[in-house]
Each structure stands twice: as C-alpha cells, then as structure tokens.
Amino acid sequence: MAEAALKLGGPKRTSFMDKVMEILPEGGNLNLCLTCGACSSGCPATGIDGMDPRKFLRMAALGLDEEVMKSTWAWCCTQCQRCVRACPMGINIPALVFNCRASWPREDRPKGIRDSCDAALKTGGFSAMGASSEDFQFVVEDVLEEVREDQPRFKDMLAPINKQGAKYFLNQNSREPVTEPDEMVPLWKIMHMAGADWTYGTLGWAAENYCLFLADNESWEKIVRQKAKAVDDLGCEYWLNTE
Amino acid sequence: MRKTFGDDVAKEMRFVVKSVVGEENFIDMQPNMSNNYCCGGGGGFLQATGFQDQRRQYGKTKFDQIMATGANYCITPCHNCHSQIHDLNEHFEGGFHTLHLWTLIALSLGMLGENEREYLGEDLCECGLEDIAE
Ligand code: SF4
Ligand code: SF4
C-alpha cells in the first residue's frame, strides 16, 4: 500500500539539525551524507524500534523534527562511534543523537538513567547508586582488613583513602563497593604488586557519570569538574578511571 | 576508546591478555579493535528503565560474535560490558563465563583469593588456591 507522499519545500526554517550543526565542530559534517548506508550496516542498533543511524540522520536532514525528537531510538544508540569510523564523510551521528536526548524534557527521559544522575548529585563521591562516602570508606577498610588477616602475603597491603600527594587517584565503579566488594581486591593487589603509590578519595570516588548519558550537560559538567578538583586537591598526578 | 585512543590501546590490551593467558589461549573476535561492535551496555542502556528488550536486541550482535569464537571465557575490562555480557549470556544461554580482566591478571600472578573467584568456571576456580593460603 502506498503511503502518502512527503511534502518538502516551503519557506526555509531552522530545523533541529541546523541547531545541532551550529554547536558541533565542523557542524558534525551532518550535511555531507551520501546515503551509502555504511553507518547502518555496522550499527548494532539498526532495526531497533524501526530505526537505524542513516534513517535517523536522513529524517533530521529532511526536517522531520517531531518524528526525530520523539523517537525512543535516541536511547538505544550507545554512542559507540562505530558509524563515525565507518562513514566516508566522518559524519557525527552520535552527536546528533546525543542532542536529541538533550531535547527531551528532563522528566520524560528514561527513569533509571535520570535516577542514577540524581543519586550521584546527592552524594560527595558522585555515586550513581547513592552510596555515601562514609559507607564507601567503611567497605574498603572492612574488606582490606579481612584480606590482610586471611591472606598472609598481603598483610601489608594498603588501600589508602585521601592520601595527600599520592601519584595516582583511583576511582571505583559503585557496583563494587555496593554489590560485590570482593571484586575490588584483585585491583588492589595489582597496584600493590606494581608498587604503585595510589589513593581513593572520599570526594569524587565513583567512576560513573550517568548525567552524561542523560544528556544533562550542566550536571555532567559539574560532576566532572568536581571530580577533577578532588584529584587536584589531593595533589595527585594521574587520575585512573576504572570504568 | 574508539574515538580517543584507537587501535593503539586495543593492541596494548591484547598484549596484556596474551601475557596473562598465553598466546595460544587467546581468540580474537571478528571484527575486532576499532572495527569491533559495542556490547550495548553503555550509553545508559543498562540503566534505562523500559529498554530491556531493545538492549538485548542490540547485544545480540555481540553475543553472536562471542559464540563464534567458541571460547569458554569472555574478558570484559569495563564494568558496564561485564554486566551486559553476563546478562546476554544468561538470557541467550551462551554457556560461557564473563570475567573482569583484573580477575585473570591476579589469577595468573597466583594471587587471586578465595572470595575473588565469583566469575571463574569449575575448570579454574581452584587454580592456584594453595599458593594464596601460604
Ligand atoms: S555512512 Fe555516512 S555517508 Fe554513508 S549513509 Fe551513513 S552518514 Fe551517510
Ligand atoms: S554511535 Fe549509535 S548510531 Fe553510531 S554505530 Fe554506535 S550505536 Fe549505532
């Protein structure tokens, strides 16, 4: 059955894609598409919810803003960048998708991501699971003590917290201290064996930042800046991200 | 990774993995390095309420890639990948194990403790335990 033809043309107006192009370096090359399909053929999100990266881009290029902006597919692209690599024109489709996410009213964005972002904003460590810095410190110390007692080879192992001037500031995905604390131990052992001078910090200890995935730019930036400040305040040379 | 560090860091990872498990025990997936596919755990997908089916549909590409290697263990150095691939294995009944890289590094150095072996299969879960008790 034939669908009604799309009517294009009419007076020129600023589309969603035009606006995104203004804020991207080189306009994200968004208007250079050759429609070759290399992006879609290697995108694992192709076919989900009837969408694929080329279709998403073409719809935006055609000014079908309403359809693009309400497409749930924006939450199914993981921003993996494979399409950018495959694209002969270097088109930044994930940046278009990201800005589509950002165009959603915050309260309509997927609840789990929003909750993770909000939880992080409420804790000193920016933990998306809402773990407090006190709990984090308690778990680290508790697990360390057990290892030092039970495993003689590691009786001198350290898991320093807030060690001023340590060379490496190590952060930790919240899932370990919260749900599987023993999984932190192999990492400590590797650092111990390598003789690394490292530390955790009660401020900004959590590795994750879901405000990025929520496309809440303001909160994302705030978290990154405060985490970086925590590293600087301890005088550490390197920030090691375990994610 | 793909955008910022590229193939150089992918090669370094392979150097570490091969050093740990032995060259002959490493099976790369296809395609690999910068041409590899994302597992589908990132970008907030794992946390996105109401997107479970889409997340697994996305991950099926990665699952098929892993199955094609025939390997018993899949190494996931990132936490999101670990959660996603662990879930894909259970959902699609892959029958392989999903391991954090630190588990393998510590195991190969003979320093993996008893409580740190959650993700090892029967073939490896006792390996080197006597060393650690000394
Ligand atoms: S790979 Fe690039 S040029 Fe080809 S269809 Fe996709 S966006 Fe367009
Ligand atoms: S960045 Fe998004 S659109 Fe591009 S390949 Fe990855 S999932 Fe697909």
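Bear in mind that the values here come from a model prediction, so they are computed numbers and not experimental data.

Participant: Sorry, what's going on with the overall build of chain B here?
Facilitator: Tallying secondary structure elements over chain B gives five helices and two strands in all. Counting from the amino terminus, helix and strand elements in chain B follow one another as α-α-β-α-β-α-α. Relative to a compact globule of 134 residues, whose C-alpha radius of gyration would be 14 Å, chain B shows 16 Å and is just as compact. Projecting the C-alpha coordinates of chain B onto the three principal axes gives extents of approximately 50 × 30 × 25 Å. Burial analysis of chain B (134 residues in total) assigns 51% to the buried set. For chain B, contacts bridging at least 24 residues in sequence account for 54% of all contacts bridging at least 6. Counting every atom, chain B has about 6700 Å² of accessible surface; 49% of that belongs to carbon and sulfur. Separation between the mean location of the 10 positive side-chain charges and that of the 20 negative ones in chain B comes to 13 Å.

Participant: Can you help me understand the state of the cysteines in this one?
Facilitator: By definition, a disulfide links two cysteine residues through a covalent bond between their sulfur atoms. All names here are of chain B. Scanning all chains against the criterion turns up one disulfide over all chains. This cysteine, Cys 38, is not joined by any disulfide, and Cys 39 carries the nearest cysteine sulfur, 5.0 Å off. Overall, the relative accessible area of 16% leaves Cys 38 in the buried class. Cys 81 forms no disulfide, and the closest cysteine sulfur to it belongs to Cys 78, at a distance of 3.6 Å. In this structure Cys 81 comes out as partly exposed when scored by relative accessible area, which is 24%.

Participant: Would you mind going over the interface of chain B and chain A with me for this structure?
Facilitator: By a frequent convention, interface size equals the accessible area lost on bringing the separate parts together. Contacts between the two partners involve 45 residues from chain B, matched on the other side by 41 residues from chain A. With both chains or domains summed, chain B and chain A bury close to 3700 Å², and 57% of this area falls on carbon and sulfur atoms. Taken together, the links from chain B to chain A amount to one salt bridge. A salt bridge links Glu 116 of chain B to Lys 189 of chain A, with the nearest nitrogen and oxygen atoms 2.9 Å apart. Linking chain B with chain A are 19 residue pairs in polar contact (both at pLDDT 80 or more), by the criterion used here. Where the side of chain B that touches chain A is concerned, the elements lending two or more residues are helix H2 (52–69), helix H3 (79–91), helix H4 (101–108) and helix H5 (129–133) of chain B.

Participant: Any chance you could explain the pattern of salt bridges here in plain terms?
Facilitator: For side chains bearing opposite charge, pairing can occur when the charged atoms are close. Applying the stated criterion across every chain, the model contains 14 salt bridges over all chains. Sharing partners across several salt bridges, the network here consists of Arg 106, Asp 118 and Asp 216 of chain A.

Participant: What am I meant to see in the packing of H2 of chain B against H3 of chain B here?
Facilitator: Relative orientation and spacing of two packed helices are given, respectively, by the angle between their axes and the distance between those axes. Residues and elements named next belong to chain B. It is the contact of H2 with H3, at a shortest axis distance of 10 Å, that shows an interaxial angle of 85°. Here H2 is positioned roughly perpendicular relative to H3, judged by the angle of their axes. Residues Arg 55, Arg 56, Gly 59, Lys 62, Phe 63 and Ile 66 of H2 form the contact with H3, whose own contacting residues are Gln 84, Ile 85, Asp 87, Leu 88, Asn 89 and His 91. Looking at the contact of H2 with H3 residue by residue, the class counts come to four nonpolar, four polar and four charged.

Rules of the game
- The written sequence of each chain sets the order in which its residues are numbered from 1.
- All chains are assigned letters beginning with A, and all ligands numbers beginning with 1, in the order in which they are written.
- Owing to the predicted nature of the model, reporting of local features is limited to residues with pLDDT of at least 70; listing and counting of side-chain atom pairs is limited to 80 or more, with chain, interface and lining totals taken over all residues.
- Based on all heavy atoms of the structure, the side-chain values leave hydrogens and waters out of the count.
- Secondary structure elements follow DSSP: runs of H or I of four or more residues count as helices, runs of E of two or more count as strands, with numbering from the N terminus.
- Our radius of gyration looks at C-alpha atoms and nothing else; its globule reference is 2.2 Å times the residue count to the power 0.38.
- Relative accessibility decides the category of a residue: with a 1.4 Å probe and only protein chains considered, values under 20% of the type maximum give buried, values over 50% give exposed, and everything between is partly exposed.
- Note on contacts: a residue pair is in contact if any heavy atoms of the two residues lie within 4.5 Å.
- Throughout, the Shrake-Rupley method with a 1.4 Å probe supplies accessible areas, and for residues the shown protein chains are the sole cover considered.
- A positive count includes Lys and Arg, and a negative count includes Asp and Glu. His and the chain ends are not counted in either.
- Working definition for charges: the position is that of NZ of Lys, CZ of Arg, CG of Asp or CD of Glu.
- In this description, the term disulfide denotes a pair of cysteine sulfurs within 2.5 Å.
- Here the buried area means the combined drop in accessible surface, using a 1.4 Å probe, for two parts upon being joined, counting both sides.
- Salt bridges, as used here, are contacts in which a Lys or Arg side-chain nitrogen is within 4 Å of a carboxyl oxygen on Asp or Glu.
- Counted as a polar contact is a pair of N or O atoms within 3.5 Å, where, for protein atoms, one must be capable of donating a hydrogen and the other of accepting one, and residues adjacent in sequence contribute only when both atoms are in side chains.
- For every element, the axis is a line fit to its C-alpha atoms; helices are fit only across the contacting stretch, and the angle between N-to-C directions ranges from 0 to 180 degrees.
- Roughly parallel covers angles under 35 degrees, roughly antiparallel covers those over 145, roughly perpendicular covers 65 to 115, and oblique covers all other angles.
- Each residue gets one of three labels, nonpolar for Ala, Val, Leu, Ile, Met, Phe, Trp, Tyr, Cys and Pro, charged for Asp, Glu, Lys and Arg, and polar for the others, Gly among them.

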